Amino acid sequence: MNVPASAVVSAVPEAAASLPLSSDPFRPEWHYSAGKNWLNDPNGLIHLNGTYHLFYQHNPSGDAWGNMSWGHSTSADLLHWEEQPVAISCDGNEAIFSGSVVFDPDNTSGFGTPGKPPLVAVYTSAYTDASPLRGRQAQSLAYSLDRGQTWTKYVGNPVLDRTSANFRDPKVFRYDGPAGSYWVMAAVEATDCVVVLYRSANLKDWEYLSSFGPANATGGDWECPDLFPLAVDGDPADTKWVLVVNLNPGGIAGGSGAQYFVGTFDGVHFRSETTVTEGLQPDGSRMPDYAWLDRGRDYYAAVSFNDAPGGRRIMIGWMNNWDYAGKTPTKGWRGAMSLAREVTLTRLPSGGVVLRQAAVGPFDGLDGAPDVRRISLGSRELHPGTVDLLAPDSDAAVGDAVSTAASAAARIDVEIEPGTAARVGLLLRTGGAERTVLAYDTATSRLSLDRRESGAVEFHEDFASVEDVHVPLDAGRLRLQVHLDACSVEVFAQDGLAVLTDLVFPAESSTGMALFAEGHGARVRTLDIRRR
């Protein structure tokens, strides 16, 4: 939970007018955004009785950061979200910063009643000048006995106070292992770039376990940690622990970013096996060597759901960047979430263990649906120039796939052999002079996402940008899955081994798409587009 440098916690912006959800052309179709007003970090992600709960940092009174409270939305499928009333509200003494929610089936907290085990939210109280604890950040509790619809703050708050101004963002989970069975909290001393671990039997009384860091990227505040186990390539006998640490500034693409470490956790200490540099780094010269969840500019505060069904590890991030989050050109609302992503661990041929990410996509399983248009292209040589994928006379079009009224939302799956071409790729959200360029450079083996001509970019000096990531070819081929929405591009390369996420703000009419090649020798193996 990063606080804008100019923000005042107790400020109350003028309430934004209520606008129809469809009134803004930048309103995403598949990425969650609050009906109105400001949204940032996802909080309290939990699955309970068939429902996914997404809580989040929210200003109920305006579309700028302030009055931090927990908004709330629910979903059965991670795609269709129903906004709920504000869950935990700020008051004159505290803002409600980021945190997590756990289901307490054994009522270890004592907040439940017979037959009604509680949900317990563990959040950061950011104390205002009106509070006796002014200036501090400490961890507090709230509980719900009606599946998250209403919440009661614990009268004994805060439950963990280090008398620190930067102790925040608790992620709590249940640990069961050789060291015992208890609740574990991972939080941060943000400006020190340190993750601190605590344990508790009842969620109220906390005992210090250990700390981790500084390590790898330390160019900004560490925030929103997450700690969880994953089986490598699905083998439970080869299980590692992943520690996610978001930071701002100091991300790989500038501003906000999310890094991760892979290692072991014995119930007391997290020990990283992927640390490249230890201590506070004087510069960013080793940044490309660190492990990043996303190499784009707009994936931050990423955390995972507790208790996702089937043991899946599903993450959501705030699709924005603190460099320009308060300036994005939306109307009456500001901020959206990424698509949910299932993360897994895989071992590379080199022996290294890395995360692989797969989007929970809006077009999964919708083949043949009457409202889904499909465009396909079989194996063919890709000559120098462009192939307009949506033109009425394009040989890529299938049936009634072409429609000028099609929405901006689309999924593109493509496999390309770059061969001897200098560059190959896709032109996205094209129209007039607008385009977002996804390009692969064969000489450098780098995949780039260029939004400098993507539409509205002038609202902030740092927005027009090019992000890139090293992507080795697999048997000479590049596989891409691209998810487009009204204001975003999410790119998953080589089956999710590399990811780029960027906001874009094109004209509503800029929905064109094209393949391109610079030079001879490239070949498209498969291409499939789904859109509404």
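Reading the values: the criteria
Residues numbered from 1 in each chain as written. Predicted model: local features only at pLDDT ≥ 70, side-chain atom pairs only at ≥ 80, totals over all residues. Heavy atoms only, no water. Phe/Tyr/Trp six-rings, centres within 6.5 Å; stacked < 30°, edge-to-face > 60°. Helix = DSSP H or I, 4+ residues; strand = E, 2+ residues; numbered from the N terminus. Buried < 20%, exposed > 50% of the residue type's maximum accessible area, 1.4 Å probe, protein only. Lys NZ or Arg CZ within 6 Å of the ring centre and 35° of its normal. Core = buried A, V, L, I, M, F, W, Y, C linked by side-chain atoms within 4.5 Å. Contact = heavy atoms within 4.5 Å. Pairing = 2+ DSSP bridges. Salt bridge = Lys/Arg side-chain N within 4 Å of Asp/Glu carboxyl O. Disulfide = S-S within 2.5 Å. pLDDT = per-residue confidence, 0-100.

1. Focus: the packing of aromatic side chains
For step 1, the next point in the chain: Counted by the stated rule, this structure contains 31 aromatic pairs.
For step 2, the next point in the chain: Measuring from ring centre to ring centre gives 6.5 Å for phenylalanine 212 and tryptophan 222, while their planes differ by 25°; the resulting arrangement is stacked. Here phenylalanine 212, found in strand β12 (residues 207-212), pairs with tryptophan 222, found in strand β13 (residues 221-232); they are ten residues apart in sequence, far enough to count as distant.
For step 3, the next point in the chain: With relative accessibility at 10%, the residue phenylalanine 212 sits in the buried group.
For step 4, the next point in the chain: Site record: aromatic cluster; members linked through ring pairs are Phe26, Tyr324, Phe459, Phe463 and Phe505.
For step 5, the next point in the chain: The aromatic ring of tryptophan 183 is capped on one face by arginine 174, whose charged end is 4.9 Å from the ring centroid.

2. Observations regarding the nonpolar core
For step 1, the next point in the chain: In terms of nonpolar packing, the biggest core is built from 39 residues, with Tyr32, Leu78, Trp81 and Phe305 touching the most fellow members.
For step 2, the next point in the chain: The set of elements that each furnish at least two residues to this core consists of β1 (37-48), β2 (51-59), β5 (94-103), β17 (300-304) and β18 (314-318).
For step 3, the next point in the chain: Contact partners of tryptophan 81, with chain neighbours within four places excluded, come to Tyr32, Tyr52, Leu54, Ser73, Thr74, Ser75, Phe305 and Ile316.
For step 4, the next point in the chain: Judged by nonpolar contacts, the second largest core, of 37 residues, contains Leu382, Val424, Leu449 and Val491.

3. Topic: the pairing of strand β30 (residues 478-485)
For step 1, the next point in the chain: By the criterion of burial, β30 is predominantly enclosed, with seven of the eight residues buried.
For step 2, the next point in the chain: Bridge analysis of β30 against strand β31 (residues 488-493) gives six bridges, and the strand direction is antiparallel. Along β31, the bridge assignment pairs aspartate 485 with serine 488.
For step 3, the next point in the chain: The turn joining β30 and β31, which pair antiparallel and follow one another in sequence, is formed by two residues.

4. A few points about the sheet that holds strand β6 (residues 119-127)
By definition, the strands of a sheet pair up through backbone hydrogen bonds, in either a parallel or an antiparallel sense.
For step 1, the next point in the chain: The sheet built from four strands is open, its strands ordered β5-β6-β7-β8 with antiparallel pairing. Lying at the two open borders of the sheet, with one neighbouring strand each, are β5 and β8 (152-153).
For step 2, the next point in the chain: Pairing analysis gives eight bridges linking β6 to strand β7 (residues 137-144), with the strands arranged antiparallel. Within the sheet, the bridge partner assigned to serine 125 lies in β7 and is alanine 138.

5. Considering the pattern of salt bridges
For step 1, the next point in the chain: Per the stated rule, a full pass over the model turns up 31 salt bridges.
For step 2, the next point in the chain: With its nearest N and O atoms 2.9 Å apart, the salt bridge here joins arginine 451 to aspartate 298. One end of the pair, arginine 451, is in the loop between β28 (446-450) and β29 (466-470); the other, aspartate 298, is in the loop between β16 (270-272) and β17, and 153 residues separate them in sequence.
For step 3, the next point in the chain: For aspartate 413, the salt bridge goes to arginine 530, with nearest N and O atoms at 3.8 Å. With aspartate 413 in strand β25 (residues 410-417) and arginine 530 in strand β34 (residues 522-531), this pair connects stretches of sequence that are 117 residues apart.
For step 4, the next point in the chain: The class for aspartate 413 is buried, based on a relative accessible area of 18%.
For step 5, the next point in the chain: Several salt bridges share partner residues, and in doing so they unite Arg374, Arg411, Asp413, Asp528 and Arg530 into one network.

6. Observations regarding the state of the cysteines
For step 1, the next point in the chain: For the coordinates displayed, the defined rule picks out zero disulfides.
For step 2, the next point in the chain: Here cysteine 90 stays unpaired: no disulfide links it, and the sulfur of cysteine 224, its closest cysteine neighbor, is 18 Å away.
For step 3, the next point in the chain: For cysteine 90, a relative accessible area of 28% translates into the label partly exposed.

7. Comments concerning the confidence of the model for the protein
For step 1, the next point in the chain: Chain-level pLDDT for the protein is 93 on average; 92% of the residues reach the 70-or-more range.
For step 2, the next point in the chain: Averaged pLDDT values for the elements of the protein fall to 87 in strand β22 (residues 373-377) and rise to 99 in strand β11 (residues 194-200).
For step 3, the next point in the chain: Here residues 5-19 is modelled with pLDDT under 50, and outside its nearest four sequence neighbours on either side it reaches 27 contacts, counting other chains as well.
For step 4, the next point in the chain: For residues 397-405, every residue scores under 50 in pLDDT, and the model assigns this stretch 14 contacts once sequence neighbours within four places are set aside.

8. Side note on the environment of glutamate 508
For step 1, the next point in the chain: Examined against the element boundaries, glutamate 508 turns out to sit in the loop between β32 (498-503) and β33 (512-518).
For step 2, the next point in the chain: Judged by relative accessible area, which is 62%, glutamate 508 ranks as exposed.
For step 3, the next point in the chain: For the pair glutamate 508 and serine 338, spaced 170 residues apart in sequence, the C-alpha to C-alpha distance is 20 Å.
For step 4, the next point in the chain: With residues near it in sequence (within four places) discarded, glutamate 508 still touches Pro25 and Arg429.

9. Quick notes on the side chain of serine 448
For step 1, the next point in the chain: Tracing the sequence through the fold places serine 448 in strand β28.
For step 2, the next point in the chain: Judged by relative accessible area, serine 448 falls into the buried class, the value being 15%.
For step 3, the next point in the chain: Other than its neighbours up to four places away in sequence, serine 448 contacts Val437, Leu438, Ala439, Val466, Glu467, Asp468 and Leu500.

10. Quick word on the environment of glycine 519
For step 1, the next point in the chain: With respect to the helices and strands, the residue glycine 519 is situated in the loop between β33 and β34.
For step 2, the next point in the chain: Contacts of glycine 519, omitting those with residues within four sequence positions, involve Leu382, Pro384 and Ala421.

11. Overview of unusual backbone geometry
For step 1, the next point in the chain: In this chain, glycine 213 is followed by proline 214 through a cis amide linkage whose omega measures 0°.
For step 2, the next point in the chain: Here proline 214 is to be found in the loop between β12 and β13.
For step 3, the next point in the chain: That bond from asparagine 248 to proline 249 is cis: its omega, -10°, falls within 30 degrees of zero.
For step 4, the next point in the chain: Summarising the element assignment, proline 249 is placed in the loop between β14 (235-248) and β15 (257-265).
For step 5, the next point in the chain: Residues other than glycine seldom take positive phi values, yet threonine 163 does so here, at roughly 55°.
For step 6, the next point in the chain: Tracing the backbone through its elements, the reader meets threonine 163 in the loop between β8 and β9 (167-177).
For step 7, the next point in the chain: The phi torsion at aspartate 233 lies on the positive side, around 50°, for a residue other than glycine.
For step 8, the next point in the chain: Position of aspartate 233 relative to the elements: it lies in the loop between β13 and β14.

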